Amino acid sequence: MDVVQSLRRDVAAANRIIERFGLSNAFGHVSARIPGTNRFVFPTRRSPGLADENRLLVLDVDGNILDGEGAPNSEFWIHARTYAARPDVGGVVHAHPPACISLTQIGQPHRVVHNSGGPFLDGVPEYERIGLIRSRELGDALAGRLGSGIAVMMRGHGFTTAHAELKSATVAACYLEESAGLLLRMLAAAGGDAGKVRAYTREEAELVRGQMSESVVSRAWEYYSAAADALPLGAR
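Residues numbered from 1 in each chain as written. Predicted model: local features only at pLDDT ≥ 70, side-chain atom pairs only at ≥ 80, totals over all residues. Heavy atoms only, no water.

Caption draft 1: Summary view of the side chain of D60. As for its position among the elements, D60 is in strand β3 (residues 56-60). No salt bridge is formed by the buried D60. Its closest oppositely charged neighbour is R136, at 7.2 Å. In terms of polar contacts, D60 uses its side chain to reach the backbone amide nitrogen of D62, at 2.9 Å. A polar side-chain atom of D60 sits 3.0 Å from the main-chain amide nitrogen of N64. With sequence-adjacent residues up to four places away left out, D60 is seen in contact with N38, R39, F40, L66 and A80. (Helix = DSSP H or I, 4+ residues; strand = E, 2+ residues; numbered from the N terminus. Buried < 20%, exposed > 50% of the residue type's maximum accessible area, 1.4 Å probe, protein only. Lys, Arg positive; Asp, Glu negative; His and termini not counted. Salt bridge = Lys/Arg side-chain N within 4 Å of Asp/Glu carboxyl O. Polar contact = N/O pair within 3.5 Å; in protein donor to acceptor, adjacent residues only side chain to side chain. Contact = heavy atoms within 4.5 Å.)

Listed below in structure tokens is the structure:
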């Protein structure tokens, strides 16, 4: 299997993962850079849960469709301009997970409260503008807010994760929503008093930063992809 065909298979799987695990439903999208290029594999305009490796597009960082049939998801600029700004990024996830959205709407920042939150110890910035990212300029603004990090919250909208590879970007997305969900439960149990939440110190979070290591990501991807194949559309 050549590199692009392998990417197509993984892009389709990653899109199904974010739908099956409740990070998105009818909307959301995952892409992968074709190594050594400014081109990326991206889904057509349909639910990520319906992603098909044989119905994907190839775009470039200027938003041009280079291969494939059909229209891209309208927020393709999130991906295009992230790849343009970050040569180190090989995979991008944009999703609408409820726990992360809830955090942005109660004005609470992400805090590391469990081991899988360790990769976010440097904090998760927030993009505050309301609305969709449907222009090059807005894509650049979002990429600027992401900076050199691995995730950016999008107020009332969702989040975007970016990492060296498609699989690690997808795993990071799953980690972040799991972490946000736990944080919301802790805040509720604490009566909304964030001071009662025993967030990890930086030193403690450093101990679990390795949750994004190649071996851990490989194990997580194996689980998420197998579970996504077994779960029905709309499972969560």
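Here the narrative resumes.
Caption draft 2: Focus on the packing of aromatic side chains. Taken as a whole and assessed by the stated rule, the structure comprises six aromatic pairs. Each ring, one from F40 and one from Y83, has its centre 5.1 Å from the other, and the planes form 35 degrees; the classification is tilted. Within this pair, whereas F40 is found in strand β2 (residues 39-43), its partner Y83 is found in helix α2 (residues 76-85), the two being separated by 43 residues in sequence. Each member of the pair, F40 as well as Y83, carries the same accessibility label: buried. Within the aromatic cluster, the residues linked to one another by ring pairs are F21, Y223 and Y224. (Phe/Tyr/Trp six-rings, centres within 6.5 Å; stacked < 30°, edge-to-face > 60°.)

Caption draft 3: Examining the pairing of β2 more closely. Counting buried positions over the five residues of β2 gives four, a clear majority of the element. Inspection of the sheet shows strand β1 (residues 29-33) paired to β2 by two bridges, in the antiparallel sense. Bridge pairing in β2 places A32 opposite V41. Where β1 hands over to β2, the hairpin turn is made up of five residues, of which G36 adopts a positive phi near 75 degrees. When β2 meets β3, the two strands line up antiparallel, connected through five bridges. For R39, the partnering residue across the bridge sits in β3 and is D60. (Pairing = 2+ DSSP bridges.)

Caption draft 4: The pattern of salt bridges, seen in detail. By the definition in use, this model includes 12 salt bridges. In this structure, the salt-bridge partner of D62 is R81, at a minimum N-O distance of 3.9 Å. Separated by 19 residues along the polypeptide, D62 in the loop between β3 and β4 (65-67) and R81 in helix α2 bring together distant segments of the chain. A salt bridge links R136 to D62, with the nearest nitrogen and oxygen atoms 3.0 Å apart. One end of the pair, R136, is in helix α4 (residues 136-146); the other, D62, is in the loop between β3 and β4, with 74 residues separating them in the sequence.

Caption draft 5: Inspection of the environment of G144 at higher detail. Looking at the secondary structure, you find G144 in helix α4. The exposure class assigned to G144 is exposed, which follows from its relative accessible area of 54%. In this structure the C-alpha to C-alpha distance between G144 and R81, which are 63 residues apart in sequence, comes to 9.4 Å.

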